[in-house]
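Here is what each chain is made of, one letter per residue.
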Amino acid sequence: MSGEHDDLIRNTAGIARDRDPGAAAEQLALENAIGSNVRALRQRYDLSVTELADRIGISKAMLSKIENAQTSCSLGMLARLAAGLDVPVAALIRGADGEREASYTKAGQGAEITRTGSKQGHAYELLGALRGEHKRLECLMVTLSEDSQVYPLFQHPGTEFLHVLEGVMDYGHGRSVYRMEPGDSLILDGEGAHGPTRLIQLPVRFLSVIAFPDGT
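What you see is a predicted model; the values in this text were computed from it and never measured.

Participant: I tried to follow the nonpolar core on my own but got confused; where do I start?
Facilitator: Burial of nonpolar side chains together is a common tendency in soluble globular proteins. One finds V38, I58, L63, I66, L81 and L92 to be the most contacted residues of the largest nonpolar core, which totals 21 residues. Put simply, the parts of the chain that give this core at least two residues each are α2 (25–44), α3 (49–56), α4 (60–67) and α5 (75–85). A total of five residues in this core trace back to one element, the largest contributor, which is α5. If sequence neighbours within four positions are ignored, L92 has contacts with A33, I34, N37, V38, L41, L78, L81, A82, L85 and V87. Counting residues in each nonpolar core, the second largest holds 14 residues, with L140, L162, V164 and M169 among its members.

Participant: What am I meant to see in the pattern of salt bridges here?
Facilitator: Evaluation of the coordinates by the stated rule reveals five salt bridges. Of the charged contacts, one joins R205 and E166 as a salt bridge, the two residues approaching to 2.9 Å between their closest N and O atoms. Taken together, the positions of R205 in strand β9 (residues 194–212) and E166 in strand β6 (residues 159–173) put the pair 39 residues apart, joining distant regions of the chain. Look at E166 and you get partly exposed, because its relative accessible area is 31%. With a closest N to O distance of 2.4 Å, D170 and R179 form a salt bridge. Take D170: its relative accessible area is 11%, and that puts it in the buried class. Through salt bridges with shared partners, a single ionic network connects R39, R42 and E67.

Participant: Looking at this structure, I do not really get the packing of α3 against α4. What am I missing?
Facilitator: It is the contact of α3 with α4, at a shortest axis distance of 9 Å, that shows an interaxial angle of 105°. Relative to α4, the element α3 is oriented roughly perpendicular. Residues V49, T50, L52 and A53 of α3 form the contact with α4, whose participating residues are K60, L63, S64 and E67. Of the residues that constitute the contact of α3 with α4, the class distribution is four nonpolar, two polar and two charged.

Participant: Explanation requested: the packing of aromatic side chains in the structure shown.
Facilitator: Aromatic ring pairs are reported here in terms of the distance separating the ring centres and the angle at which the planes meet. Per the counting criterion, the structure on display carries one aromatic pair. Residues Y171 and F206 carry aromatic rings whose centres are separated by 6.3 Å and whose planes lie at 75° to one another, so their mutual orientation is edge-to-face. On the criterion of sequence distance, the pair formed by Y171 in strand β6 and F206 in strand β9 is long-range, its members being 35 residues apart. Each member of the pair, Y171 as well as F206, is classed as buried. The ring of Y124 has R115 sitting right over it, with the charged end atom 6.0 Å from the ring centre.

Participant: I keep staring at the environment of L188 and nothing clicks. Help me out?
Facilitator: Along the chain, the position of L188 falls in strand β8 (residues 185–189). Given the relative accessible area of 3%, L188 is considered buried. On a C-alpha basis, the gap between L188 and I210 in space is 9.6 Å, while along the polypeptide they are 22 residues apart.

Participant: When you look at the environment of E160 in this model, what are you seeing that I'm missing?
Facilitator: Inspection of the secondary structure assignment puts E160 in strand β6. Sequence separation between E160 and V209 is 49 residues, and the spatial gap between their C-alpha atoms is 5.6 Å. In this structure, E160 is in contact with L186, I187, L188, H194, S208, V209 and I210, ignoring residues within four places of it in sequence. A polar contact is formed between the side chain of E160 and the side chain of H156, at a distance of 2.9 Å.

Participant: Explanation requested: the pairing of β9 in the structure shown.
Facilitator: As a general feature of sheets, a regular strand has side chains that alternate between the two faces. The pairing of strand β5 (residues 136–144) with β9 spans nine bridges and is antiparallel. Within β9, the residue paired with R136 across the bridge is F212. Bridge analysis of β6 against β9 gives 13 bridges, and the strand direction is antiparallel. Across the sheet, the residue bridging to D170 is R198, located in β9.

Scoring rules and cut-offs
Residues numbered from 1 in each chain as written. Predicted model: local features only at pLDDT ≥ 70, side-chain atom pairs only at ≥ 80, totals over all residues. Heavy atoms only, no water. Core = buried A, V, L, I, M, F, W, Y, C linked by side-chain atoms within 4.5 Å. Buried < 20%, exposed > 50% of the residue type's maximum accessible area, 1.4 Å probe, protein only. Helix = DSSP H or I, 4+ residues; strand = E, 2+ residues; numbered from the N terminus. Contact = heavy atoms within 4.5 Å. Salt bridge = Lys/Arg side-chain N within 4 Å of Asp/Glu carboxyl O. Axes fitted to C-alpha atoms, helices over the stretch in contact; angles between N-to-C directions. Parallel < 35°, antiparallel > 145°, perpendicular 65-115°, else oblique. Nonpolar A, V, L, I, M, F, W, Y, C, P; charged D, E, K, R; others polar. Phe/Tyr/Trp six-rings, centres within 6.5 Å; stacked < 30°, edge-to-face > 60°. Lys NZ or Arg CZ within 6 Å of the ring centre and 35° of its normal. Polar contact = N/O pair within 3.5 Å; in protein donor to acceptor, adjacent residues only side chain to side chain. Pairing = 2+ DSSP bridges.

Structural data, given as structure tokens:
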């Protein structure tokens, strides 16, 4: 495709335009995300710059500018790129909303915390906690030993996920009792009374992940 046609695409059709050096950080983040995603998808499908440019009807130079975040894409251009890569438009702007919070804990370095069951010999290691836009997520490693007592009266807002790593126990929730062995999982409504009712093979270690609702 000729340079004249390339100028026509950018300036007259408004498909893309050279980036404003004074563009806001949000715009630059969007352009960087689009460029990175287009390049990654092109390489995933084993397409050269020339092949993808021909497929969507723009010049190789224009596609290079897009991949290197040197130009701003219109919605029309995003649609053409998405069609050429056979992905939704959303796939091209993924990651443009900036960094997201994460919680990382090395093995054995989780903080020991006190919970309701601590007085009954339940040991809690905090593996991570994250407060998102609409909820709080808390992840615990729970260890039950010979000093631990059964205590089936925990109640809290939200939903809890349990996954047994070691040992065997019976775990109650409301009127039901579940035999929990390594690899077993249980998801429960935290408002219902719950907890271990019988410790069968010690020690018992299980993951507890609680998603608290808004305002807790």
